[in-house]
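Listed here are the chains, written in short residue letters.
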Amino acid sequence: MSWRYIKALPAVALVLAASAAQTPKLDTASIERLTGVKGKLDEAGNVFKVSAPRSDLDVAASGVRITPALGLTSWAAFQKAGAQTMVMGDMVVLEDQVSPVMDIALENRLEVTALHNHFFWDSPKVMFMHIDGLGDETILAAAVGKVFSRIKETSTRRRAGTEARIDPAKTTLEPDRIASILGVKGDLKDGVFKVVIGRTTKMHGHEIGSAMGVNTWAAFAGSDDRAVVDGDFAVLGSELQGVLKTLRAAGIHVVAIHNHMVGEEPRIVFLHYWGVGSAASLAKGVRAALDRTRT
């Protein structure tokens, strides 16, 4: 080892120490206070994770009692991103908690990035909602705290039966009126009026579209006064939050957010939705969501 190299070592050490000293630290005490949940700091990565076990749930899947340690734990992890802070998390919710928890997240500058199941044959049904955000640390922590609070507030709620009894075989709604609102033609078959709007992306260097499943669709059944709509939106990542907010504003529930493909360009996210109400109001809600996309 050269003498010049040895003499340089203290200077390098000072630079590294100064750099480490300049790295902003998380205010872990503030995060715990604002989220209302205790956390643990990963000092190596400067990541602070708060966890809220869903010990209030009594869930069984295929004869197995599911405990928080088996995956029934909501969490949120905070990490510095330059002068800002980012948060990522996963919220454990029952079916009837999905919409109120999603609403509070979207209302408080958090993004909802996925919604799916982790188990088969679980009762009651458990869903997992992923969130993320980037911005001021205190604002993000307060937002996560509101999400945790909403989960607690709704933990005793249970559905009181079926919202509506709709039989497609007895459909009487007016397809032309729905098509006029949507601005898209569709087909009525077996009591279900369905519209399909194609999008395109590329897989393996080749363009694929509606026939390969890259499409937004909506299916309506029932009457003009009481109808059901369910379907799937194919959206770009930049469109997802706007579509979520618009559907929820229309009283339409989002039941899943996930991918159907891997490696496509541009990336397409699919969200499944479900709503019950007047045919016109449901169609207007879907139309407003369509307006949030490039479709």
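Please read these numbers as outputs of a predicted model, since none were measured by experiment.

Quick look at the packing of aromatic side chains
- Following the criterion strictly, the structure yields 3 aromatic pairs and no others.
- The interplanar angle of 55° and the centroid separation of 5.1 Å between the aromatic rings of Phe120 and Trp121 together place this pair among those described as tilted. The burial state of Phe120 is the same as that of Trp121; both residues are exposed.
- A ring pair is formed by Phe233 and Tyr273, whose centres lie 5.5 Å apart and whose planes are at 55°; its orientation type is tilted. With a gap of 40 residues between them, Phe233 in strand β15 (residues 227-236) and Tyr273 in strand β17 (residues 268-277) connect regions that are remote in the sequence. With respect to class, Phe233 is no different from Tyr273; both count as buried.
- Above the ring of Trp75, the side-chain terminus of Lys49 is found at 4.7 Å from the ring centroid.
- The ring of Trp217 has Lys194 lying over it, and the distance from NZ or CZ to the ring centre is 4.5 Å.

Quick notes on the side chain of Asn46
- Structurally, Asn46 can be placed in the loop between β1 (39-42) and β2 (47-53).
- For Asn46, a relative accessible area of 13% gives the class buried.
- Polar contacts involving the side chain of Asn46 include one to the main-chain carbonyl oxygen of Pro24, which spans 3.2 Å.
- Among residues more than four places away in sequence, those in contact with Asn46 are Pro24, Lys25, Leu26, Leu41, Phe78, Gln79 and Lys80.

Quick look at the environment of Glu153
- Turning to its location among the elements, Glu153 is positioned in helix α4 (residues 137-153).
- The class for Glu153 is exposed, based on a relative accessible area of 54%.
- Spatially, the C-alpha atom of Glu153 lies 9.8 Å from that of Val101, the residues being 52 residues apart in sequence.
- Reaching out from Glu153, the side chain makes a polar contact with the side chain of Arg150 at a distance of 3.3 Å.

Let's talk about the pattern of salt bridges
- Inspection of every chain in the model, using the stated rule, returns 10 salt bridges.
- Taking the shortest distance from any N to any O, the salt bridge between Arg65 and Asp58 comes out at 3.9 Å.
- The exposed category is assigned to Arg65, whose relative accessible area is 56%.
- Across the salt bridge formed by Lys125 and Asp122, the nearest N and O atoms sit 3.3 Å from each other.

Examining the environment of Ala60
- As for its position among the elements, Ala60 is in strand β3 (residues 59-61).
- Here Ala60 falls in the partly exposed class, since its relative accessible area comes to 35%.
- Measuring from C-alpha to C-alpha, the distance between Ala60 and Phe119 comes to 9.8 Å, with 59 residues separating the pair along the chain.
- In contact with Ala60, not counting residues within four places along its chain, are Arg65, Ile66, Trp121, Asp122 and Ser123.

A short note on the sheet that holds strand β8 (residues 122-123)
- The antiparallel open sheet is built from 3 strands, whose spatial order is β4-β3-β8. Lying at the two open borders of the sheet, with one neighbouring strand each, are β4 (64-66) and β8.
- Bridge analysis of β3 against β4 gives 3 bridges, and the strand direction is antiparallel. Across the sheet, Val59 pairs through a bridge with Ile66, a residue of β4.

Focus on the nonpolar core
- With 60 residues, the main nonpolar core has Phe78, Met102, Phe220, Phe233, Ile257 and Leu271 as its most contacted residues.
- Residue contributions to this core peak at 7 residues, all from α4.
- For Phe233, the contacting residues outside a window of four places in its chain are Thr216, Val243, Leu247, Val269, Phe270, Leu271, Tyr273, Val286, Ala289, Leu290 and Thr293.
- In terms of nonpolar packing, the next biggest core, distinct from the first, is built from 10 residues, Leu57, Val92, Val126 and Phe128 among them.

Considerations on the environment of His118
- Structurally, the position occupied by His118 is in the loop between β7 (111-116) and β8.
- For His118, a relative accessible area of 42% translates into the label partly exposed.
- Residue contacts for His118: discarding those within four places in its chain leaves Asp90 and Phe128.
- At a separation of 3.4 Å, a polar atom in the side chain of His118 contacts the side chain of His116.

Criteria and cut-off values
- Residues numbered from 1 in each chain as written.
- Predicted model: local features only at pLDDT ≥ 70, side-chain atom pairs only at ≥ 80, totals over all residues.
- Heavy atoms only, no water.
- Phe/Tyr/Trp six-rings, centres within 6.5 Å; stacked < 30°, edge-to-face > 60°.
- Buried < 20%, exposed > 50% of the residue type's maximum accessible area, 1.4 Å probe, protein only.
- Helix = DSSP H or I, 4+ residues; strand = E, 2+ residues; numbered from the N terminus.
- Lys NZ or Arg CZ within 6 Å of the ring centre and 35° of its normal.
- Polar contact = N/O pair within 3.5 Å; in protein donor to acceptor, adjacent residues only side chain to side chain.
- Contact = heavy atoms within 4.5 Å.
- Salt bridge = Lys/Arg side-chain N within 4 Å of Asp/Glu carboxyl O.
- Pairing = 2+ DSSP bridges.
- Core = buried A, V, L, I, M, F, W, Y, C linked by side-chain atoms within 4.5 Å.

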